[in-house]
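Coordinates in review
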Amino acid sequence: MALLERTFFSLTSKLNFKGMRHILIPDTPTIVIPVRGAKQKYHPDSFIGFRVEPRENHNRQYVSHPLIYKDADPAPRFMDARVRAILKDLTGCDHSKVFRHRALLSISAPEIVFFTDEQLKIAQNDAKIKADKLLSMPPVVKVRAEEVQDISFDPALQGIMPNFKIVFTDISLGIPDNKRIIVVRENSGKLRHANGAERQRMNEIYNPRKGRKHYVSELFTAKCLPDVLARGQYEFVLDRACLQFEPDEPEYQSVVAYVYEALDKKQHYDSLLSTRHYGPMLFFLVWHKCLNNFLEHHLMAGRLDVASQVVKLYCLLHQKSDVAKAMTDFRDPMHVVQTFVSLECMDTSARVQLALKQCKELLRSQQQVEQNVAAALGQSS
Amino acid sequence: MAFVTRISWRLPIRLSSDCKLPPVLHRAHSKNLHSCSSSCSSVELPNQTQVIRTPHVQLVTRQLNFQGRRLQSLRLISSSTCLRQESDEENGGEEEKPEGRPVLDLVDGVRLAVRNHKVLEIPVDVSIRYMKSEAYKSTYGDEPVWKKYRRNNPGQYFDLTRPACILGGVLARASACPICRDDYLVVDYRNVELLKQFISPQSGQQYFMKKTCVCQRAFRYLEVAIERAKDMGLLVHDVPIRRYDYRNFYPPELLQSNYTYVEQ
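No experiment lies behind these values; they were computed from the predicted model shown.

**Let's talk about the environment of Val170 of chain B**
Residue and element names in this part refer to chain B. Residue placement: Val170 occurs in strand β4 (residues 170-171). Considered as a pair, Val170 and Arg220 are 50 residues apart in the sequence and their alpha carbons are 19 Å apart. If we skip the residues at most four places from it in the chain, Val170 touches Asn116, His117, Lys118, Val119 and Cys165.

Next comes the structure, spelled out in structure tokens:
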């Protein structure tokens, strides 16, 4: 299929209609003629050229999930500076994980350099900046509307192409894929914007991206995805999803929600630490108020600071909730978590309350140890 | 005193025709030929004598000459256990071995299939079990299956290997490529253990033919299987990082560094 599309590129000589090329999406296999000029008329009988096959029908469908951002727009809350600061803080930056070797064809020999102190500082700062770039989060946006807008209706153009639709794509340089103008002229004479599937196909033809498949990858089907996630390969699936889809596509949000849900059930949050996906994952959990497992996991481990940060995030995202109103002192982590647990988790989860108790005991014992050590040192000195 | 022998160490000493299979690999040091007698019941080799002109051995030498293969140099090899039996247990005795002739000869820890051997059709799950079995371990150890294979290249350089080792369901080569020589190595997208051995950990690419010396057909099968396994997520690989420009997704007022959202 890719070979056919490449030959098409080379055969079309002139641009038609002000920088727009057009291509046919046939329903049945058909012959395509390259367009040479605006004045030339083409009749189906006089077509010469190569065959364009319709897309293969594997009967594969992407996995679907109900929890996508469709009603309220998450963008303003995601871009809130305080929210992003919390997400970045919780993601962490383990250099051994961020800068790990990725087997991506570019192999270079390691370089050993001698640094002075100043040069070392400069290099460390550069590494920080580079790590920040690598940890930049995939955008969290509202899902794209399914209905496509109509642009015009020209009854004079009815029936010019009996079996096909004509798709016009703006292939000018420098336009991102999601902003590209792609319109479809139907046989009825209606001119409309292209829908998601058509957009995806056109973008893949004119702007192929490495790693993005033009077919439905088996990884994202309901048959394969649970097995991959059961093996704990969450980051792999999320990276593939980022390559394959746009952030506003419902398929992307379904796949990503599926992964987050699986991760949440098994409490494998640490597998996404120091990756770019931790922030959106947390945002998802807080947005949909699925914090029971997260809090239980971190309170059992005694990580009260993480739990308090997440509760603060909850207050920022749900500013009119009871928790946000009842919160008086944000600086005391114990108070923050206690308020949240007493208001939100009383009915839903007894495990979180238990975990909070355990956390308190842990902290108390730690404090005791510290006091003993200080007393011992005090005695010795 | 060296025991003179015209046997090639690449082929095991043949047992008599009424001996039951599988044959044991007679890996004997040239000086300690008596050690192999302990593992082989029918061939009695006298201690510290120079005679290897037994009828069995003559059979071997004749076969060698008939094949016209060059004798390789003597190598130091140690005695081994009966490896074929374990592999029988692994496959549950699914294949039927011809009598009086081994299905796969064991030489230097490498299963070298002989020419005109009819290739067995092994299902994938058997192959997957084989990869974890004792027979595999003792044959290949921890190395990839192509590591110990040495291609009989006529010159110094080559780009492509042969088109195929198996023609008409039969091994058409005396020295088949690492995949074709072992019937139990099935190239399939589910057999991830095998596929991993043909992928470089540094670049994530499939090793080229020169390195692994598989035949062209096996190379293509591997390519397809690796691609399919990667697509399904059976083979986890490093994915290119997708960079996002936030300006394409958010309006300019949200992109300011001090933007805060207050719910109305």
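**Description of the pairing of strand β6 (residues 182-185) of chain A**
Residues and elements named next belong to chain A. Of the two faces of β6, the one holding Ile182 and Val184 and the one holding Val183 and Arg185 are both buried throughout. Relative to β6, strand β5 (residues 165-170) runs antiparallel, the two being bridged by four bridges. In the sheet register, Phe168 faces β6, and the bridge partner there is Val183. As judged from the three bridges shared by β6 and strand β7 (residues 190-193), these two strands associate in the antiparallel manner. Bridge assignment links Arg185 to a residue of β7, and that residue is Leu191. The turn joining β6 and β7, which pair antiparallel and follow one another in sequence, is formed by four residues; a positive phi near 95° is taken by Gly189.

**A word on the confidence of the model for chain B**
As a general rule, the predicted coordinates of low-pLDDT regions are not to be interpreted in detail. Residue and element names in this part refer to chain B. When pLDDT is averaged along chain B, the result is 67, and 57% of the positions lie at 70 or above. Mean pLDDT across the elements of chain B ranges from a minimum in helix α2 (residues 55-67), with 33, to a maximum in helix α6 (residues 192-196), with 95. Predicted as a complex, the structure gets a pTM of 0.73 and an ipTM equal to 0.78.

**Thoughts on the side chain of Gln267 of chain A**
Residues and elements named next belong to chain A. Tracing the chain through its elements places Gln267 in the loop between α9 (250-266) and α10 (278-287). The class for Gln267 is buried, based on a relative accessible area of 18%. If near-sequence neighbours (up to four positions away) are discounted, Gln267 is found in contact with Asn293, Glu296 and His297.

Criteria and thresholds
Residues numbered from 1 in each chain as written. Chains lettered and ligands numbered in written order. Predicted model: local features only at pLDDT ≥ 70, side-chain atom pairs only at ≥ 80, totals over all residues. Heavy atoms only, no water. Helix = DSSP H or I, 4+ residues; strand = E, 2+ residues; numbered from the N terminus. Contact = heavy atoms within 4.5 Å. Buried < 20%, exposed > 50% of the residue type's maximum accessible area, 1.4 Å probe, protein only. Pairing = 2+ DSSP bridges. pLDDT = per-residue confidence, 0-100.

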